[in-house]
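What follows is each chain in one-letter form.
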Amino acid sequence: MTGSLGERASGTRSVENNPAGFANAWPGLKRIPGHPAAHVGRGAAECLGEALAQLRVERVLVVHGRTSYERSGAHRFVTALSARHEVEHFDGVQPNPGIEQIRAGITTMRRFGPQAVIGIGGGSSLDVAKAIAVLAVQRRSPEDCLRHPEVITEERRCALVLMPTTAGSGSEMTRFATVYIEGRKHSLDVDQARADLVLVDQNLTESLPIGDSVSTGLDALSQSIESYWSVSATPVSQALALEALGKLLPALARAADTGAFTDPWVRTELAHGASLAGAAIDISRTTAAHALSYDLTVRLGLAHGTAVALHLPWLLERHAEVTDPDCRHPQGSAAVRDAVADIENMAHAQTGRGIGQLTGQLLALAGRPTRIEQLALPADRWLVTMTAALASGRAANNPCVLTAADVVPLLA
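Let me sum up the structure you'll find in this document. On a predicted model such as this, the values are computed, not experimentally measured, just so you know.

A few words now on unusual backbone geometry. Of note in this structure, glutamate 182 is not a glycine but carries a positive phi near 55 degrees. Residue position: glutamate 182 is located in the loop between β7 (176-181) and β8 (184-189). What makes glutamate 182 exposed here is its relative accessible area of 74%.

Spelled out as structure tokens, the structure:
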């Protein structure tokens, strides 16, 4: 576990050891379960200055992209910090960050020496903030740390505050981050990457374009489902996953039916539900839908949530038919089939449709393919890739054992 902020940054106050202090200071916000100091509510972003004042930090590094940072209005809250703090920006974060971005961020970290890192944006910006805050103080290179996580031995020495501008990645709630090295996905998965403070403000998501709203919403939906049936699920993670689904399903259905995400209630429920889904996967991790999605993103440029959602319908069907010989869940195949039934029954009760129909409607709304078969992926170029994904750690967390025979019908 990370040490207290007092141990990491001289003169700072520990959020992790005093989450109630922040909750009392901001009575209009709700605590998000699954994290000691995560808060959600309209106006949460306005608490950033007060949070840094309580931490008593002077130098602040803000990590963000360019378009979303301005579009969301987050820049207004950061600009206000300049009167009381020395602020530097590491901007221009690109989707699916590569090791080059991490190296550049580490260089900035070591030169500037921030007492707090603030990550603002979608999953990529939050992942970069986490990665550079953790890896900047390690003795080994970032490549070595990502390939061999056992060499990550040094505690993070700055505070870490995360503010999402999308409702879907859940990265603000997790202790892991995705980085690509030579086109291959690597996960930073250490306790040091867990934020000290999370501020989720649905106002920051209101300018999100419809395509991004669909993709991130579907990512959160899949996280909830995968967490619920995960081999590593616990009663706590399953409860978080169901609570997330209770918010995500009706909101996504309303967006699908109206063709827009402009309803403030939709934004509110999606922001809250996405963070709950993030808290769930922080415990259970994701499964096969995520494992199979990464190559679709790298090779075809599909948004991550879109790539995940394309795998979700057929995986639901496959899991509904799991038997003992192809089941790795500790509670047995009946428990997996029951989990699928729970999910589908909840979807029908709250939206009047199944998960497959809902994901198809949303993908069509965003102008994306609605089934993976529509991608016409040539078997001679994709079968080996998909089979390799089924041997990954995320796929090993899947309750149903999947083989090449399961993915062949998806290919041209």
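For the rest of this paragraph, the subject is the side chain of threonine 286. Tracing the sequence through the fold places threonine 286 in the loop between α11 (264-284) and α12 (288-300). A relative accessible area of 3% means that threonine 286 is categorised as buried. Separated by 2.9 Å, the side chains of threonine 286 and arginine 394 make a polar contact. Not counting chain neighbours up to four residues away, the residues in contact with threonine 286 comprise Gln223, Glu226, Ile281, Arg394 and Asn397.

Quick look at the environment of tryptophan 382 now. Assignment of secondary structure puts tryptophan 382 in helix α16 (residues 379-389). On a C-alpha basis, the gap between tryptophan 382 and isoleucine 118 in space is 39 Å, while along the polypeptide they are 264 residues apart. Those residues within four positions of tryptophan 382 in sequence are excluded, and the remaining contacts are Asp295, Leu296, Arg299, Leu300, Leu377 and Leu411.

On to the packing of aromatic side chains, then. Counted under the stated rule, the structure contains zero aromatic pairs. Directly above the aromatic system of tyrosine 294 lies the positively charged group of lysine 185, at a separation of 4.7 Å from the ring centroid. The lysine or arginine in question, arginine 299, covers the ring of tryptophan 382, its NZ or CZ lying 3.9 Å from the ring centre.

Next up on the list: the pairing of strand β3 (residues 59-63). Side chains on a regular strand alternate between the two faces of the sheet. Counting buried positions over the five residues of β3 gives four, a clear majority of the element. The pairing of β3 with strand β4 (residues 86-90) spans five bridges and is parallel. In the strand pairing of β4, valine 63 is matched with phenylalanine 90. Here β3 runs beside strand β5 (residues 116-121); their pairing, made up of four bridges, is parallel. When the bridges of β5 are listed, valine 62 appears paired with isoleucine 118.

What counts, and where the lines are drawn
Residues numbered from 1 in each chain as written. Predicted model: local features only at pLDDT ≥ 70, side-chain atom pairs only at ≥ 80, totals over all residues. Heavy atoms only, no water. Helix = DSSP H or I, 4+ residues; strand = E, 2+ residues; numbered from the N terminus. Buried < 20%, exposed > 50% of the residue type's maximum accessible area, 1.4 Å probe, protein only. Polar contact = N/O pair within 3.5 Å; in protein donor to acceptor, adjacent residues only side chain to side chain. Contact = heavy atoms within 4.5 Å. Phe/Tyr/Trp six-rings, centres within 6.5 Å; stacked < 30°, edge-to-face > 60°. Lys NZ or Arg CZ within 6 Å of the ring centre and 35° of its normal. Pairing = 2+ DSSP bridges.

Purely geometric numbers; function is a separate question.
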